[in-house]
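Below are the chains, spelled out letter by letter.
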Amino acid sequence: MAEGGDRTEQTTPARSLDPIDRDILRILQTDGRASIRSVAERVHVSRANAYARINRLIDDGVIRGFSARVNHERAGQGASAYITLKIVQNTWRTVREQLQALPGAAHIALVSGDFDVLLLVHTPDNRTLRELVLTRLQSIPEVLSTRTLLVFEETDLDPVPNSGAPPDVEPLQ
């Protein structure tokens, strides 16, 4: 997924979203390929207004990019795991850069609790996953320990249709 606006997210205070902005986000989360015309019709604004709002959401860092939802198993990435990491204090930025370079890294989060980082990876098979954990991750000097949780089955959740949407907005399909 294209990352956009990291600098914007950190330096510009968040702008409040009105109901139309939230409806636009809901539509684009369900169908990132929706046309401007379709979005405009569904939220009852002009195409120019919808275009300007989407661009503002992108410029403000609210929309970070557009991507395809992938069935990892069908795409040859049959092994998935959440990996927890304990890292040396104050090394998050360094570790994050190294994790982003890992093949198959899908999501990285700095978290609180018994571990510091939660990493989601997709690999072709368990042998590749083992290599990633034992060779790549555990060789990062700032990583103190790892724990691997194999994913047996996963389900991507779609945005909830009409959650909080006014009655005049058509249901998402």
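Residues numbered from 1 in each chain as written. Predicted model: local features only at pLDDT ≥ 70, side-chain atom pairs only at ≥ 80, totals over all residues. Heavy atoms only, no water.

**Student:** Can you help me understand the environment of Glu142 in this one?
**Tutor:** With respect to the helices, strands and loops of the structure, Glu142 is situated in the loop between α6 (126–136) and β4 (143–151). Residue classification places Glu142 among the buried positions, given a relative accessible area of 18%. In sequence terms Glu142 and Trp92 are 50 residues apart; their C-alpha atoms lie 8.8 Å from each other. Residues contacting Glu142, with those up to four places away along its chain left out, are Lys86, Ile87, Val88, Thr91, Thr94, Val95 and Gln98. Only 3.4 Å separates the side chain of Glu142 from the side chain of Gln98, close enough to count as a polar contact. (Helix = DSSP H or I, 4+ residues; strand = E, 2+ residues; numbered from the N terminus. Buried < 20%, exposed > 50% of the residue type's maximum accessible area, 1.4 Å probe, protein only. Contact = heavy atoms within 4.5 Å. Polar contact = N/O pair within 3.5 Å; in protein donor to acceptor, adjacent residues only side chain to side chain.)

**Student:** For this particular structure, what's the right way to read the layout of surface pockets?
**Tutor:** In this approach the atoms are scanned with a rolling probe the size of a water molecule, which exposes any empty space left behind. When its volume is computed, the second largest pocket comes out at roughly 160 Å³. Forming the walls of the second largest pocket are Thr84, Leu85, Lys86, Asp114, Phe115, Ser145, Thr146, Arg147 and Leu149. Its residues assigned to classes, the lining of the second largest pocket comprises three nonpolar, three polar and three charged. (1 Å grid on protein atoms, 1.4 Å probe; cavity = no way out; pocket = protein on both sides within 12 Å on 5 of 7 lines; lining within 4 Å. Points joined across faces, edges and corners; volume = space filled by probe spheres on them. Nonpolar A, V, L, I, M, F, W, Y, C, P; charged D, E, K, R; others polar.)

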